[in-house]
Amino acid sequence: MSRHHGPDRSLRHAVRLARVLLSSQYALMLEFRAEIVLWALSGVLPLIMLGLWSGTGVASIPGFTPQRLVHYFLAAFVVRQFTIVWVIHAFEEDALQGRLSPALLQPLNPFWRYLAAHVSEQATRLPFVLAIVALVALVHPAALWWPTPAGLLLALLATHLAFLVRFVIQSALTMLCFWSERAAALERLLLIPYLFLSGLVAPLEAFPEPMRSFALHTPFPWMVWFPAQLLSGGTVPVARGFGVLAAWGLLFLPIAVLLWRAGLRRYSAMGA
Amino acid sequence: MARPAPELLRYLRTLRRFWAASLAAELEYQANFVLELLAVSANLAGSLFTLSLFYGHGHDLGGWSWDAALVVLGLYTLLDGLTTTLLQPNLSTIVTHVRTGTLDFVLLKPIDSQFWLSARTFSPWGLPGLAAGAVLVVVAAVRAGARPDALHLVAAALLLVASALILYSLWFVLAATSIWFVKVWNATEVLRSALVAGRYPVSAYPAGLRLFFTVVLPVAFLTTVPAEAILGRASPLWVVSSLLVAAVALLISRWFWGFALRFYTSASS
């Protein structure tokens, strides 16, 4: 190493690495933009639920007017779009196809590449998400609103944090790929409570009481309901939300790292 | 060429071989059964919970009683089981065949390529969903006080077949687009997520969406129309249009496959 080996140099190295990773992954994702449109479309659940709720029991959700409901579900749609995580499928595919071994030879943990791929995919997704929001605004002219600057900033932070937490949790689950062929099935199983408890099918205010407290003790509502409420101007416990998200992330990060090390030992032990 | 009857027999015989072989292969992974059972139960519990959010406050969905809405949910679960059993395992491989060029071998086989791609494998892991859906439909229909006569039962059976055919055609057309869009995670996920709308009676949606789910994406014909027949209140108009939609959808899938193949130039070219 050179005489300038210090925090300054390693920071510059990290910045360059991030720039190269992001720009190459973004170019890659642009190639797949047709598929990404389809993926964006596959997140329509909040919009379907908006249809159902606006057709029926709006009055039964405390604190929600028909207009607030449109805002909430539109915000939930946007939040969901930018918190989609598919690292387990990418990793499984790479491991099966033998692409993991050459990636391990590089002086960079492959998960940084997956993270860059996710961020680049979100950037590719952005114009389509805006187009869908514009389309909804055409149908519901009153659907658009201006979030307050503070609300927007908090919602952005919460969405990114929710994405990172989901990424870390799914990465921990991904490590089970080293031991079992059923890791992706476990992820699909975990997606079910996420679907029903996260606030994608209904804002948590609509849940009856014991169920709402239960849901709030799981990480799921903090990943959709919390950022969506921030974005649409609802009232949520801000400090608690960020705290819960950070706690789940910090809980699973060491698990993911430990499993990665143990898994790698097993991977090379198999002679691959 | 062969006469129609032996030809049909040949296909049925082939189908038996296909499914026996894939059943034997799948039974190697028996842990899947537990996972599927858990997934079906969790999905049903979640759907019931979501429905109860609407009904719990004294509202209903588009004029449907709780039990009648459960018939719709049961039909959705049934179709979801069908998807896991046949549609997903077969049609999701088209994209791999296109990517790796093995579609060439499929096209060379002395059997219809659409048949081969649609029926080659059979996954027993959708059976818990099929069973749960069937039980829910029967229990909910009885609780809703449905006393369908023979005519309505025949209509319901026909409509179920029609809805399965519509679902198949939608899946097949979307899966066939992988001739153009080559990526492992394919377009059928969009379909699966949009069809979630079929968990609820179509009359619960606002007018615009109702029209969309009837004319553009025929969700109404998948669950709501057969449910009406099971509950003994099918109208002849809906029965006829459902059968018509099924026939047209099947023909379109057939035509689309021929069209897509014209753009298939094998992996090397």
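Everything quoted here is computed from the prediction, not taken from an experiment. (Residues numbered from 1 in each chain as written. Chains lettered and ligands numbered in written order. Predicted model: local features only at pLDDT ≥ 70, side-chain atom pairs only at ≥ 80, totals over all residues.)

### Digging into the overall build of chain A
Rules: Going along the chain from the N terminus, every DSSP run of H or I of four or more residues is numbered as a helix, and every run of E of two or more is numbered as a strand. The burial criterion counts other C-beta atoms lying within 10 Å of a residue's C-beta, which is placed from the backbone; the residue is buried at 20 or more, exposed at 12 or fewer, and partly exposed between these limits.
Within chain A, the secondary structure is distributed over twelve helices and zero strands. Counted from the first residue to the last, chain A has its helices and strands arranged as α-α-α-α-α-α-α-α-α-α-α-α. Structurally, chain A occupies a C-alpha span of about 65 × 35 × 35 Å along its principal axes. In chain A, buried positions account for 38% of the 272 residues.

### Things to note about the overall build of chain B
The cut-off we apply is this: Taken over C-alpha atoms, the radius of gyration is set against a globule rule of 2.2 Å times the number of residues to the power 0.38. Here, residue contact means that the backbone-derived C-beta atoms of the two residues sit within 7 Å.
Secondary structure assignment for chain B yields twelve helices and zero strands. What you see in chain B, going N to C, is helices and strands ordered as α-α-α-α-α-α-α-α-α-α-α-α. Against the 2.2 N^0.38 benchmark of 18 Å for 269 residues, chain B shows a C-alpha radius of gyration of 20 Å, consistent with a compact globule. Summarising its shape, the C-alpha atoms of chain B cover approximately 60 × 45 × 35 Å along the three principal directions. Looking at chain B as a whole, 40% of its 269 residues qualify as buried. For chain B, the proportion of contacts with a sequence separation of at least 24, taken over those separated by at least 6, is 81%.

### Re the interface of chain A and chain B
The partner chain B presents 33 residues to the 31 residues of chain A that form the contact. It is helix α9 (residues 183–197) of chain A that contributes the most residues to the side of chain A that touches chain B, seven residues altogether.

### Describing the nonpolar core
Spelled out, the test is: Note on terminology: a nonpolar core is any set of buried Ala, Val, Leu, Ile, Met, Phe, Trp, Tyr and Cys residues joined through C-beta atoms within 7 Å.
Judged by nonpolar contacts, the single largest core of 136 residues is most densely connected at Met49, Phe73 and Ala76 of chain A together with Val71, Ile166, Trp171 and Ile230 of chain B. Setting aside its immediate chain neighbours within four residues, Val71 of chain B contacts Val137, Ala140, Ala141, Ala144, Ala227, Ile230 and Leu231 of chain B.

### Focus: helix α12 (residues 236–261) of chain B
All names here are of chain B. Stated precisely, the cut-off is as follows: Helix span, expected: 1.5 Å multiplied by one less than the number of residues in the helix.
Spanning 26 residues, α12 covers 38 Å between terminal C-alpha atoms, matching the ideal 38 Å at 1.5 Å per step. Residues Trp238, Val239, Ser242, Val245, Ala246, Ala249, Ser253 and Trp257 constitute the buried set of α12. Check the buried side of α12 and you find it contacts α6 (113–119), α8 (150–176) and α11 (219–230).

### Examining the confidence of the model for chain A
Note the threshold: Confidence scores per residue from the predictor, reported as pLDDT, run from 0 to 100.
For chain A, the mean per-residue pLDDT works out to 86, and 94% of the residues sit at or above 70. Averaged over each element, pLDDT in chain A is lowest for helix α2 (residues 33–41) of chain A (77) and highest for helix α11 (residues 221–232) of chain A (94).

### Focus: the confidence of the model for chain B
Any region with low pLDDT has predicted coordinates that should not be read closely. Looking at chain B as a whole, its pLDDT mean stands at 86, while 95% of the residues score no less than 70. As a predicted assembly, this complex carries a pTM of 0.86 together with an ipTM value of 0.84.

### Concerning the environment of Leu50 of chain A
All names here are of chain A. Mapped onto the elements, Leu50 comes out in helix α3 (residues 45–55). Measuring from C-alpha to C-alpha, the distance between Leu50 and Pro66 comes to 9.8 Å, with 16 residues separating the pair along the chain. Apart from the residues within four sequence positions on either side, Leu50 is in contact with Leu69, Val70 and Phe73.

### Re the packing of α3 of chain A against helix α4 (residues 66–81) of chain A
Residue and element names in this part refer to chain A. The test is simple: Note on geometry: axes are lines fitted to C-alpha atoms, helical ones only across the stretch in contact, with angles between N-to-C directions running from 0 to 180 degrees. Convention used here: angles under 35 degrees read as roughly parallel, angles over 145 as roughly antiparallel, angles from 65 to 115 as roughly perpendicular, and any remaining angle as oblique. The crossing is said to be left-handed when, going from far helix to near helix, the turn is anticlockwise and less than a right angle, and right-handed when the turn is clockwise. Asp, Glu, Lys and Arg are counted as charged, while Ala, Val, Leu, Ile, Met, Phe, Trp, Tyr, Cys and Pro are counted as nonpolar; the rest, among them Gly, fall into the polar class.
The N-to-C vectors of α3 and α4 enclose an angle of 165 degrees; their axes lie 9 Å apart at closest approach. Of the possible angle classes, the one that applies to α3 and α4 is roughly antiparallel. For the pair α3 and α4, the crossing hand works out as right-handed. Seen from α3, the contacting residues are Pro46, Leu47, Met49, Leu50, Trp53 and Ser54; seen from α4, they are Pro66, Leu69, Val70, Phe73, Ala76, Phe77 and Arg80. Partitioned by chemical class, the residues of the contact of α3 with α4 number eleven nonpolar, one polar and one charged.

### Considerations on the packing of helix α8 (residues 149–174) of chain A against α11 of chain A
All names here are of chain A. Closest axis-to-axis distance for the α8/α11 pair is 8 Å, and the angle between their directions is 170 degrees. One way to sum up the angle between α8 and α11 is to call them roughly antiparallel. Across the interface between the two elements, Gly151, Leu154, Ala155, Ala158, Thr159, Ala162, Val165 and Arg166 of α8 pack against Trp222, Met223, Phe226, Pro227, Leu230 and Leu231 of α11. Its residues assigned to classes, the contact of α8 with α11 shows eleven nonpolar, two polar and one charged.

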